[in-house]
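A closer look at the structure
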Amino acid sequence: MIRANEHFLKLRSSYLFAEIAGRLAAFKEKHPQHKVIRLGIGDVTCALPRACIEAFHKAVDEMADERSFRGYGPEQGYGFLREKIARYDYQERGAEIYTDEIFISDGAKCDCGNIQELFAQDSVVAVPDPVYPVYVDTNVMAGRTGAWREGGYGGLVYLPSTEENGYVPEPPGQKVDLIYLCFPNNPTGAAIGRRRLQSWVEYAAENGSLIIYDAAYEAFIRDNDIPHSIFEIPGARRVALEIRSFSKTAGFTGTRCAYTVIPRECMANTSSGDGVSVRELWLRRQTTKFNGVSYPVQRAAEAVFSEQGRIQVRELIDYYMYNAELIRKKFSEMGYMCTGGDNSPYIWIKTGMPSWDFFTLLLEEAGVVCTPGSGFGSCGEGYVRISAFNNHNQVEKALYNIGRILGPKKMKKVIQKESGSIDNRKEV
Ligand SMILES: Cc1ncc(COP(=O)(O)O)c(C=O)c1O
């Protein structure tokens, strides 16, 4: 019989969102009359921008006519989209990135998961804690880690993102090969400033490391001093690649379009010490294993950069950021320590009790679904993530319900009910 890839068996069986769905289903079965508001999973709720829809329709019509029909497109993506990305997402922000360094894909999740294939099996991998689970699980599947024990996988270097470091990890004391960074961060919502990002680029240059920079939430940055791309930092072209997505920027979670940027100077070493271009490796990988994103989807993505598209995307982001502001304000008023929500759609809340207890409290008492921080790593214990992806009405309703159970007057009552630690709660 064929032998299985046993590295898969090291993966922890319950995936966070499956666990949440299971608990939600059990709650609904017990209380079928209760309406639940989901502020958990980071999926968008607003329709695609008008400019994208129009471009999408037009491209579909082109496919209906032999004269304008398109078959297989370039694996790296159409030039019309790559040129716009290079110009508007990079060159206009002072980052030197060229069209042939951009690879269009059907999602940042696939790119985050696939990119590790380019690197040696014995590469030492560093990930933030808490972390977007895809970085970790794909390295586990590839056999780059040991077994799960005491809150982490053997062989991985965890980079704690804590209250003490403002939820932005410092470079490690040891040498690592591959570093995953994500800013603005999922799940903490923290953004990284120029100086601290520069220190990561310097660390990578000194240690011969490569940074995989996931900027899926770049569009939510509002503070002018926060870099949108690692390529705004001098020296980054040699030590980093960047992954971005149209999912959260323009509501493409169900439409699927993203891209990876790998500068020509970005090199890896062979065992004999020769340099190989990471961009060339990825080009080879993509042309072998990927056949491109559909033409209408790429036309829809291109429309994000049109005059109307840019205005509409701004409105979309503002819509969610209004929710983020409401959520952060409400929890802060109730005395909770919060981060995120200012340059990101996620608010990371210090709960003063175990994450799953707080999840249950919000679900059972307020009918609101959040995401337990402990599901993202051991440094996430004692936190929950609340997402701003919902409509204003639902968010306002959710916050009203939460206020009723957690507002200052009710705080004492709730704490008496909870058996877990309450020491960290700011206000009682
Ligand atoms: C940090 C991060 N990277 C990547 C993705 C995946 O994006 P996409 O929809 O492009 O696959 C997500 C989705 O939630 C994410 O949070």
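Residues numbered from 1 in each chain as written. Predicted model: local features only at pLDDT ≥ 70, side-chain atom pairs only at ≥ 80, totals over all residues. Heavy atoms only, no water.

Most of strand β8 (residues 210–214) sits out of view: five of its five residues are buried. Neither face of β8 is left uncovered, since the one carrying Leu-210, Ile-212 and Asp-214 and the one carrying Ile-211 and Tyr-213 both have all their residues buried. Here strand β7 (residues 178–182) pairs with β8 via five bridges, running parallel. Opposite Leu-178, over in β8, you have Leu-210 as the bridge partner. What joins β7 to β8 is helix α6 (residues 194–207), and the crossover it makes is right-handed. Examined bridge by bridge, β8 and strand β9 (residues 240–245) share four bridges and lie parallel to one another. (Buried < 20%, exposed > 50% of the residue type's maximum accessible area, 1.4 Å probe, protein only. Helix = DSSP H or I, 4+ residues; strand = E, 2+ residues; numbered from the N terminus. Pairing = 2+ DSSP bridges. Right-handed = clockwise from strand over helix to strand, strands pointing away.)

On to the site of the ligand, then. Lining the immediate environment of the ligand, one finds 14 residues, of which Ala-108, Asp-214, Tyr-217, Ser-245 and Ser-247 sit closest. Here an oxygen atom of the ligand and a side-chain polar atom of Asn-186 are 2.7 Å apart. Here the ligand loses 91% of its free accessible area of 400 Å² to cover by the protein chains. Among the secondary structure elements, those contributing two or more residues to the shell around the ligand are α4 (108–114) and α8 (247–250). Each residue belonging to the shell around the ligand can be placed in one class, and the counts come to six nonpolar, four polar and four charged. (Near = heavy atom within 4 Å. Polar contact = N/O pair within 3.5 Å; in protein donor to acceptor, adjacent residues only side chain to side chain. Areas by Shrake-Rupley, 256 points an atom, 1.4 Å probe, with all protein chains shown as cover. Nonpolar A, V, L, I, M, F, W, Y, C, P; charged D, E, K, R; others polar.)

As a further point, take the pattern of salt bridges. If you walk through the whole model with that rule in mind, you get 26 salt bridges. Across the salt bridge formed by Arg-244 and Glu-218, the nearest N and O atoms sit 3.6 Å from each other. Taken as a pair, Arg-244 in strand β9 and Glu-218 in the loop between β8 and α7 (236–239) lie far apart in primary sequence, 26 residues in all. You can call Glu-218 buried: its relative accessible area is 11%. The salt bridge involving Arg-328 is made with Asp-342; its shortest N-O contact spans 3.7 Å. With Arg-328 in helix α11 (residues 307–333) and Asp-342 in the loop between β13 (338–340) and β14 (346–350), this pair connects stretches of sequence that are 14 residues apart. (Salt bridge = Lys/Arg side-chain N within 4 Å of Asp/Glu carboxyl O.)

Here Arg-385 lies in strand β17 (residues 383–387). Although Arg-385 is buried, it forms no salt bridge, and the closest oppositely charged side chain is Asp-43 at an N-O distance of 10 Å. Within the local environment of Arg-385, its side chain forms a polar contact with the backbone oxygen of Gly-40, the two atoms lying 2.8 Å apart. A polar atom in the side chain of Arg-385 sits 2.7 Å from the side chain of Asn-186. (Lys, Arg positive; Asp, Glu negative; His and termini not counted.)

Turning our eyes to something else, we now look at the pairing of strand β3 (residues 125–129). Here β3 lies mainly inside the structure; five of its five residues are buried. Here β3 shows two buried faces, one formed by Val-125, Val-127 and Asp-129 and the other by Ala-126 and Pro-128. The pairing of β3 with β7 spans two bridges and is classified as parallel. In the strand pairing of β7, Ala-126 is matched with Ile-179.

This part takes up unusual backbone geometry. Residues Phe-183 and Pro-184 are joined by a peptide bond in cis, for which omega reads -10 degrees. Positionally, Pro-184 belongs in the loop between β7 and α6. With an omega of 15 degrees, the peptide bond between Asn-186 and Pro-187 qualifies as cis. Relative to the elements of secondary structure, Pro-187 occurs in the loop between β7 and α6.

In this structure, Phe-246, Phe-252, Phe-331 and Leu-406 are the most contacted members of the largest nonpolar core, which totals 108 residues. If you tally residues by element for this core, the top one is α11, at eight residues. With residues up to four places along the chain from it excluded, the contact list for Phe-331 reads Tyr-336, Cys-338, Ile-349, Phe-358, Ile-386, Leu-399, Ile-402 and Leu-406. With 30 residues, the next largest nonpolar core counts Val-127, Tyr-135, Leu-156 and Cys-182 among its residues. (Core = buried A, V, L, I, M, F, W, Y, C linked by side-chain atoms within 4.5 Å. Contact = heavy atoms within 4.5 Å.)

In this section: the confidence of the model for the protein. Model confidence for the protein is summarised by a mean pLDDT of 93, while 95% of its residues fall at 70 or above. Low confidence marks residues 412–428, where pLDDT is under 50. Its contacts with residues over four positions away, or in another chain, come to 30 contacts. (pLDDT = per-residue confidence, 0-100.)

A separate point is α6. Between its first and last C-alpha, α6 extends 20 Å over 14 residues, near the 20 Å set by a 1.5 Å rise per residue. Every buried residue belonging to α6 is among Leu-197, Trp-200, Val-201, Tyr-203, Ala-204 and Asn-207, and all of these are buried. Mapping the buried residues of α6 onto a view down its axis gives an arc of 155 degrees, with all of them on the same face. Residues of α6 that are exposed and angled more than 90 degrees away from the buried face: Arg-195, Ala-205 and Glu-206. For α6, the secondary structure elements touched by its buried residues are β6 (157–160), β7, β8 and α7. Positive phi shows up at Gly-208, right after α6, with a value of about 65 degrees. (Expected span 1.5 Å × (residues − 1). Arc of directions from axis to C-beta.)

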